Amino acid sequence: AQSVAQPEDQVKVAEGNPLTVKCTYSVSGNPYLFWYVQYPNRGLQFLLKYITGDNLVKGSYGFEAEFNKSQTSFHLKKPSALVSDSALYFCAVRLNILTGGGNKLTFGTGTQLKVEL
Amino acid sequence: EAGVTQSPTHLIKTRGQQATLRCSPISGHTSVYWYQQALGLGLQFLLWYDEGEERNRGNFPPRFSGRQFPNYSSELNVNALELEDSALYLCASNGIAGELFFGEGSRLTVL
């Protein structure tokens, strides 16, 4: 079964410091991995994806993610956090297309990022 | 280019009533995905429609149903509403590399 885990409910960092939001996955075959951000009472915004190729993926708003196949991880990173980055972050994995799920994504439980002054 | 649009933004119903939520995908996208985001339960997959057909559904009772119209817009119907149906319902359509683009959601409150 496909699954994704976000081990931290909340991450706090100071503005200007680097941030990491962790994600590990379990999927048969090659994974399609995604990060989304959700601001209060809003929909999800797509940040970045890993399909194949370079293990370091760059996305929107200065975010990047590192795919590590041996550790089955896809951690979200940003070199210098902003207060405006405070939001709920979701990691997601695409269901194996062979099981008939189309582009259905399975989401982690989310990590609340709080960036403090 | 317009993104995924959903209506209504908010909806208040009482137990036992029916709710109808609407979604228009990004122009050119033929698939629509529905998710439920209830407090404390994360994002749960509800339904997937493609080319007018229901292709897959999540672990939800039959009172959750929907359809997709010839113009690829979609409707989600929830019958016999229960208190625990209160949630943010999100609709998405898919890009060419598998990413989903979400609308702003419809907040359903069941009293």
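Below is a summary of the structure that appears in this document. Nothing here was measured: the structure is a model prediction, and the numbers come from that model. (Residues numbered from 1 in each chain as written. Chains lettered and ligands numbered in written order. Predicted model: local features only at pLDDT ≥ 70, side-chain atom pairs only at ≥ 80, totals over all residues. Heavy atoms only, no water.)

**Digging into the side chain of D50 of chain B**
Residue and element names in this part refer to chain B. Checked against the element boundaries, D50 lands in strand β5 (residues 42-50). A polar atom in the side chain of D50 sits 3.1 Å from the side chain of T30. In this structure the side chain of D50 is engaged in a polar contact, spanning 2.7 Å, whose partner is the side chain of S31. (Helix = DSSP H or I, 4+ residues; strand = E, 2+ residues; numbered from the N terminus. Polar contact = N/O pair within 3.5 Å; in protein donor to acceptor, adjacent residues only side chain to side chain.)

**Regarding the sheet that holds strand β3 (residues 19-24) of chain B**
Residues and elements named next belong to chain B. As summarised here, the arrangement of the four strands in space is β1-β3-β8-β7, forming an open sheet in which the pairing is antiparallel. Because the sheet does not close on itself, it has two edges, and the strands there are β1 (5-7) and β7 (64-68). Adjacent strand axes in the sheet meet at a mean angle of 20°, parallel and antiparallel pairs treated alike. Looking at chain direction, β1 and β3 are connected through three bridges and run antiparallel. Bridge pairing in β3 links S7 to R22. (Pairing = 2+ DSSP bridges. Axes fitted to C-alpha atoms, helices over the stretch in contact; angles between N-to-C directions.)

**A short note on the packing of aromatic side chains**
Across all of its chains, the model carries 15 aromatic pairs over all chains by this definition. Taken together, a centroid distance of 6.2 Å and an interplanar angle of 90° make the contact between F90 of chain A and F107 of chain A edge-to-face. Residue F90 of chain A is located in strand β10 (residues 87-94), and its partner F107 of chain A is located in strand β11 (residues 105-107); the two are separated by 17 residues in the primary sequence. Take F90 of chain A and F107 of chain A: they sit in the same class, and that class is buried. Among the aromatic residues, ring-to-ring pairing joins Y36, F46, F90 and F107 of chain A together with Y35, F45, F101 and F102 of chain B into one connected group. (Phe/Tyr/Trp six-rings, centres within 6.5 Å; stacked < 30°, edge-to-face > 60°. Buried < 20%, exposed > 50% of the residue type's maximum accessible area, 1.4 Å probe, protein only.)

**A short note on the interface of chain A and chain B**
Each partner contributes to the interface: chain A provides 21 residues, whereas chain B provides 21 residues. Carbon and sulfur atoms make up 55% of the surface buried where chain A meets chain B, a total of about 1600 Å² over both sides. Ranking the residues of chain A by area buried against chain B places L44, N103 and K104 of chain A at the top, with a combined share of 30%. Linking chain A with chain B are two salt bridges, by the criterion used here. With a closest N to O distance of 3.8 Å, K49 of chain A and E99 of chain B form a salt bridge. Seen at the junction of chain A and chain B, the total is six residue pairs in polar contact (both at pLDDT 80 or more). Among the elements of the structure, β5 (33-38), β6 (44-50), β10 and β11 of chain A are those that each provide at least two residues to the side of chain A that touches chain B. In terms of residue class, the side of chain A that touches chain B is built from 10 nonpolar, seven polar and four charged. (Contact = heavy atoms within 4.5 Å. Buried area = accessible area lost by both parts, 1.4 Å probe. Salt bridge = Lys/Arg side-chain N within 4 Å of Asp/Glu carboxyl O. Nonpolar A, V, L, I, M, F, W, Y, C, P; charged D, E, K, R; others polar.)

**Here's the deal with the state of the cysteines**
Throughout the structure, instances matching the rule amount to two disulfides over all chains. The residue that forms a disulfide with C23 of chain A is C91 of chain A, at a sulfur-sulfur distance of 2.0 Å. The disulfide joining C23 of chain A to C91 of chain A has a torsion of about -65° about its S-S bond and is therefore left-handed. A residue pair is termed long-range when its members are at least 10 positions apart, and C23 of chain A in the loop between β3 (19-21) and β4 (24-26) and C91 of chain A in strand β10 qualify at 68 residues. An identical accessibility class is assigned to C23 of chain A and C91 of chain A; each is buried. Through a disulfide, C23 of chain B is tied to C91 of chain B; the S-S separation comes to 1.8 Å. Taking the sign of the torsion about the S-S bond as the criterion, the disulfide between C23 of chain B and C91 of chain B, at about -65°, is left-handed. Here the residue C23 of chain B occupies a position in strand β3, and C91 of chain B occupies one in strand β9 (residues 87-94), the gap between them amounting to 68 residues. Overall, the relative accessible area of 0% leaves C91 of chain B in the buried class. (Disulfide = S-S within 2.5 Å.)

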